[in-house]
Every structure is written in C-alpha cells, then in structure tokens.
Amino acid sequence: MNSPDDLSFLLQGWQPEVTDTRDFNRGVWMRLEVAESRKGIDLTAFLAWVQYFTRPRIAVTAAVLALFGGVFLGTIQSRAADEDQYLRSLNPYSAQSHQR
Amino acid sequence: MILEMKKGLLILLGIVLLAVAAQQISTCCFRSTPLQWLCHEYGLSPQQAERMKVLQSEYGARCGPFCDQMCEANANLETVALGSGSVTPEVRAAVVETDRIRTETRIAMLRHFYAVAAELPAEKRRAYLLKVLPLTIDSCGMQHP
C-alpha cells in the first residue's frame, strides 16, 4: 500500500493529456470526407456492375433466372393462399363457408 | 460509357419487371379450389377426391346453420348484457347458449376432420390434423413436435 507521500509524488509527475480541438475538428471532417467518398465508390461499383447486363449472355441468363425465380415464388405464394382458403372453408363462421 | 450504363440499367429494370410479372402471373394461374388443394397436397386419387367432395358438401350443410344460430345467440347476448348492470340469470343463460352452439360447432368440425383424415394416407393423417385442429382448439402458445 502506498503512503500519502508516494501519492503526492505521483500526482506531481502526472501530466493530463488534452487533445487539441483543432486536431479533433480536422479528424471529424476527414472522417466525413472518407464516408462521402465511400458512397461514391459504391455508386461507381454499382454502375460498373450494371454494365455487365449489356452483355447478351449475362442478360439472358439473368432474365431466365428472374423468370424461374418469379414463377417459383408465385407457386409458393399460390399454394399458401390455397391452404389458407381451405382452412377458411372449414370455419363455419367465415363468410366463405357460409356461401356454400 | 454513360450510354452503356443507361442500357445496363434499362436491362436490369426489365429483368426485375420480368421477375415481378412472372411471380404475379404464376400466383394467379396456379390458384386452385380448396378441394383441389387438399387432393394435391395429400396425393389423393380421383375416387378419394370424389369422396372428399361429398364430405365437404355434407359438412357445409351441417355447419352452415350454426353460423345463423351463433349470430342470433350473440345478438341476444348483446341485448341482454346491455340491458343489465350485472350477471343476471338471463345474461348467464345467453352466455351458456353461445357456448352451447360453439361446442356443437366444434364437435361437428372435429367429426369432419376425422372423416377427412380417415380418407388420407396413414402417414399424412397426423400432419392434416395438426393443420386443421387449431380451428377448434384455442391456442395457448404450445407447439406440437
């Protein structure tokens, strides 16, 4: 355990580190600029990526995948809707089953 | 360069529209009737499908009147409850009447579910019952394995 004299000695030798506010402001602006430039890179990368679709082979492949994906999703949705319709038809208090 | 980008964007937009159109059209085109869904889902033969049609028709005829009875009982309960300041014997009787109709309906539903399940392949009966039983059993958050 340190004595009060040791503590006083340590406190005398301690120098608080205060950051320069000018550096702080500069750092904030630099970070903002980096963030802005990243957005630019993302847009550039996207536009470069979009250009791939001008190649017929890639465009056709993407179109076929989109077509099959859409049909697949539509099939799943229609089956879920059919199941829901069947369950509603079993409920005597639903308007649909009452129409039968 | 810019022309290429515009062309690429247009093609991408076309592809997205194609996917959306395919999804919408297939959602509409692949729709079926409740009975068709049941037959397809559980792989029923045409004979079993005919049997299902009969069962569904009988069920509709048996359960349809419950809806009218329940509407009447609910209307009566509302009238009696609004005209009373406490749970009088009339209010109690009106509540009991709605519960009686509800119980009869649930029993009729269960009979139908078992009749349908009996027509299904043995390995699919449990799956069917798990699907339809929540219509008659109030959920308390329990999950079946």
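Preceding this section is the structure that the text describes.
Below, the structure is looked at part by part. Everything quoted here is computed from the prediction, not taken from an experiment. Starting from 1, residues in each chain are numbered consecutively following that chain's sequence as written. Whichever chain is written first becomes A and whichever ligand is written first becomes 1, with later ones labelled in order. Only residues with pLDDT of at least 70 are given local features in this predicted model, and only at 80 or more are side-chain atom pairs given and counted; all residues enter the totals for whole chains, interfaces and linings. Computation of side-chain values covers all heavy atoms of the structure but excludes hydrogens and water.

### A word on the interface of chain A and chain B
In what follows, residue pairs with any heavy atoms lying within 4.5 Å of each other are defined as contacts. Tallying the contact residues gives 34 residues for chain A and 43 residues for chain B. Across the chain A/chain B interface, buried area totals approximately 3400 Å², and carbon plus sulfur atoms make up 68% of it. Looking at the side of chain A facing chain B, the largest losses of area belong to Tyr-86, Leu-90 and Tyr-93 of chain A, adding up to 21% of the total buried there. Whenever Lys or Arg places a side-chain nitrogen within 4 Å of a carboxyl oxygen from Asp or Glu, that contact is recorded as a salt bridge. Inspection of the region where chain A meets chain B yields 3 salt bridges. Measuring nitrogen to oxygen at the nearest pair gives 2.6 Å for the salt bridge that ties Arg-79 of chain A to Glu-41 of chain B. Here a polar contact is recorded for every N or O atom pair within 3.5 Å, except that within protein the pair must consist of a potential hydrogen donor and a potential acceptor, and residues adjacent in sequence are included only if both atoms are side-chain atoms. One can count 11 residue pairs in polar contact (both at pLDDT 80 or more) joining chain A with chain B. Each helix is a run of DSSP H or I of at least 4 residues and each strand a run of E of at least 2, with the numbering of both proceeding from the N terminus. The set of elements that each furnish at least two residues to the side of chain A that touches chain B consists of helix H2 (21-50), helix H3 (56-90) and helix H4 (95-98) of chain A. No other element matches the 21 residues that H3 of chain A contributes to the side of chain A that touches chain B. Two parts placed together each lose some accessible area under a 1.4 Å probe, and the buried area is that loss summed for both.

### A few points about the side chain of Asp-82 of chain A
Tracing the chain through its elements places Asp-82 of chain A in helix H3. Each residue touching Asp-82 of chain A, except ones within four places of it in the same chain, is listed here: Phe-30, Arg-31, Ser-32 and Trp-37 of chain B.

### Considerations on the pattern of salt bridges
Residue and element names in this part refer to chain B. As enumerated under the stated definition, the model contains 7 salt bridges over all chains in all. A salt bridge links Glu-119 to Arg-51, with the shortest nitrogen-to-oxygen separation between them at 3.2 Å. A residue pair is termed long-range when its members are at least 10 positions apart, and Glu-119 in helix H4 (residues 89-119) and Arg-51 in helix H3 (residues 46-82) qualify at 68 residues. Residue Arg-51 is classed as partly exposed on the basis of its relative accessible area of 38%. Connected via shared salt-bridge partners are Glu-97, Arg-100 and Glu-104. Here the term buried applies to any residue with accessible area under 20% of the maximum for its type, exposed to any over 50%, and partly exposed to those in between, with areas from a 1.4 Å probe on protein chains only.

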